[in-house]
Amino acid sequence: MELLRGSGYLDNLRPGTTVLADRGFKEVEADLTAKGCHLARPASLASGSGCGFWFTAMSRDVIRNRWCFVPMCKSTDKSTPGKIFVSVPSSHKIRKDWWIAARREFPMAKSHIYCCEDHFNLQEDMDNYMYYTMMGGPIRLKSGVRPHKFDCQGKVTPHNENREKLKRKRSISKILSSVENVMEADQNPPSQPDPEEARNECEDLNDPESLTPSTKNVGIQVQIPPRIRSKAVQVVPLRADAACCTDGPEEPVERSRTENTSDHSVSSSESSDVDYDDSIDYKPSDTTSGTDDDEACLKQLTLYTTRKTILKNQMGYIGIQKQHMYIIDLLCNHISYKERGQIITGRDVVFIVLMTIRTGMANYLIANSFGVSKSCISRILTRFVPVISGCLKELICWSSSDTIRARLPHSFKAYHHKVESIIDCFEIQIEKPSSAMTQSMTWSDYKKCNSVKYLVSVTPDGLINFISNGKPGRCSDMELLRGSGYLDNLRPGTTVLADRGFKEVEADLTARGCHLARPASVGKDEQLPAKKVVDMKIIAGLRIHVERVIRRIRVYKILDMHSCVPLSMMDILDDIVRIVCGLVNLQERICKI
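Conventions adopted
Residues numbered from 1 in each chain as written. Predicted model: local features only at pLDDT ≥ 70, side-chain atom pairs only at ≥ 80, totals over all residues. Heavy atoms only, no water. Helix = DSSP H or I, 4+ residues; strand = E, 2+ residues; numbered from the N terminus. Buried < 20%, exposed > 50% of the residue type's maximum accessible area, 1.4 Å probe, protein only. Contact = heavy atoms within 4.5 Å. Areas by Shrake-Rupley, 256 points an atom, 1.4 Å probe, with all protein chains shown as cover. Phe/Tyr/Trp six-rings, centres within 6.5 Å; stacked < 30°, edge-to-face > 60°. Lys NZ or Arg CZ within 6 Å of the ring centre and 35° of its normal.

As recorded in an unreviewed UniProt entry, the protein goes by the name THAP-type domain-containing protein, listed as coming from Petrolisthes cinctipes.

Given below as structure tokens:
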């Protein structure tokens with residue numbers, strides 16, 4: 001600002017001019033207004049503001065006058081400003097299905113129209129529900145999903161259009177079959193009789209044995225394909241075609257015709273619309289067949305080696321100690337995996353999920369280890385990470401007060417025997433989003449990267465009893481705590497240990513009859529009394545146990561601070577965190593009783 005005012009820049013401006021600037025030039029607006037000019041700059045955002053559905057609110061301000069296309073639905077931008085509107089696909093076929101499902105009269109509109117969230121179950125119908133709630137962007141519905149909830153219309157029997165389509169298809173197929181029969185009759189006229197064959201037939205009539213009734217040979221209407229492999233690049237002819245070899249001798253060609261007569265050759269008296277040389281025989285290439293067999297054997301050997309390697313070092317590859325390997329069998333009971341052409345089993349699916357989380361290896365490396373494709377690994381993670389998370393989240397539970405106090409370490413009994421929870425936040429780096437707004441909301445000034453933040457609570461002996469859903473890295477610790485549902489689990493009389501950043505939560509805890517124990521805040525040029533210094537050291541020594549639990553979570557490389565989780569995994573990131581917290585609870589306690 002001082003540089004701008006002293007540079008003489010303002011003297012060059014003419015009245016009515018618009019100046020574009022950054023947020024740092026906020027104070028120059030008064031100078032420009034005095035000269036009859038206008039300042040255009042990005043809006044200033046308060047610290048920690050705009051979390052949750054910040055992107056949705058902004059997009060709703062841009063798009064106006066949206067209304068639901070379903071008949072009898074009165075949802076609009078003005079009447080229901082907080083409602084989500086899904087854009088109707090522009091494809092004619094898909095839009096027709098939506099039109100029929102919504103029981104709307106034809107003709108279809110070609111303009112940009114919307115359908116409100118009342119006609120969907122977005123959490124189940126969306127492919128990117130978790131990504132949308134955290135990162136924003138367009139709504140991506142699952143394949144084949146269309147509006148299916150019509151409470152505003154009541155019970156209406158839909159029009160059965162499939163039956164009319166089936167009748168129309170059958171009538172067309174009958175017409176086509178009759179036309180084909182007529183064309184075949186025109187293309188196959190009766191052949192002229194051969195004089196020599198007629199003479200032979202007359203001689204056969206004199207033989208009494210030949211007076212048996214004859215049957216029509218329908219074999220001339222069938223062309224039997226030769227028994228060769230369908231891959232043309234893997235076969236080689238045993239001889240050259242006579243039509244192509246005009247300069248060479250004819251004897252080898254005639255000899256090959258005599259020696260290589262196929263069992264599927266049709267007699268010369270039989271007529272066919274397609275001319276092909278049935279004397280040419282093919283056989284598969286031994287080299288290519290051997291390569292396919294070697295590749296299949298290599299995949300089997302790789303899968304076998306990977307299984308043995310995992311069982312030798314369970315903690316290093318899947319993050320489960322040897323005495324808890326029974327968890328794998330329990331998870332296999334919830335896994336049903338059958339995919340065509342794959343050699344892996346349900347147990348291998350569990351290994352793939354846990355190995356990806358524990359090692360943080362790329363999908364193509366995991367695919368090479370299990371003898372499958374990279375796309376197969378992506379499908380397995382998307383499908384089975386939520387299933388395994390649903391099983392292991394049962395290991396994260398809030399125990400009763402008597403159970404917590406029975407397992408209270410000696411260090412807590414001496415000073416804070418009413419502590420039931422120690423809280424802290426940790427962040428996970430994510431891939432940089434393409435949207436500028438999403439980049440701003442996920443940027444963490446503390447970690448200096450785009451991140452997702454989680455709140456974790458542990459008992460005094462190191463058992464994780466609460467884990468929140470992920471929030472953008474710009475979200476403050478207080479806003480994350482209040483919106484996570486953590487306060488609903490506290491019982492009156494409970495003491496909570498926290499860091500200095502949770503100073504504002506003391507009022508919320510006091511209203512619930514709880515107590516907050518945290519290190520004292522030190523102001524500038526202020527010296528704490530000796531007693532407060534001792535208390536601060538005691539609280540810091542007890543609160544350090546939650547940091548040790550977070551360090552165990554970081555052992556799983558996919559949740560390491562700088563592992564940089566790709567945006568394609570944002571929908572399953574919360575499930576991955578729950579899986580890791582459940583596996584951490586299976587390990588030995590941080591503090592011994």
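What follows continues from the structure just given.
Peer 1: Mind laying out the overall build of the protein, listing which residues take part and the relevant values?
Peer 2: Scanning the protein from terminus to terminus reveals 22 helices and 13 strands. For the protein, buried positions account for 36% of its 593 residues. Considering only residue pairs separated by 6 or more positions, the protein has 63% of its internal contacts joining residues 24 or more positions apart. Of the accessible surface of the protein, which amounts to about 36400 Å², a share of 52% is contributed by carbon and sulfur atoms.

Peer 1: Quick one: what's the story with the packing of aromatic side chains, residue by residue and with numbers?
Peer 2: Counted under the stated rule, the structure contains 6 aromatic pairs. Ring centres of Tyr 337 and Phe 384 lie 6.0 Å apart, and the angle between their planes is 65°; this geometry places the pair in the edge-to-face category. Here Phe 384 lies in helix H15 (residues 374–392) and Tyr 337 lies in the loop between helix H12 (326–332) and helix H13 (346–359), a separation of 47 residues in the sequence. As far as the burial class goes, Tyr 337 and Phe 384 line up, both buried. An aromatic cluster is present here, built from Trp 398, Phe 466 and Tyr 486 joined pairwise through their rings. In this structure, Arg 66 packs its charged tip against the face of Tyr 114, placed 5.6 Å from the ring centre. Its end group placed over the ring of Tyr 556, Arg 358 keeps NZ or CZ at 6.0 Å from the ring centre.

Peer 1: Break down the side chain of Asn 585 for me, citing the residues and quoting the values.
Peer 2: Inspection of the secondary structure assignment puts Asn 585 in helix H22 (residues 573–585). Contacts of Asn 585, omitting those with residues within four sequence positions, involve Leu 395, Ile 396, Leu 463 and Ile 464.

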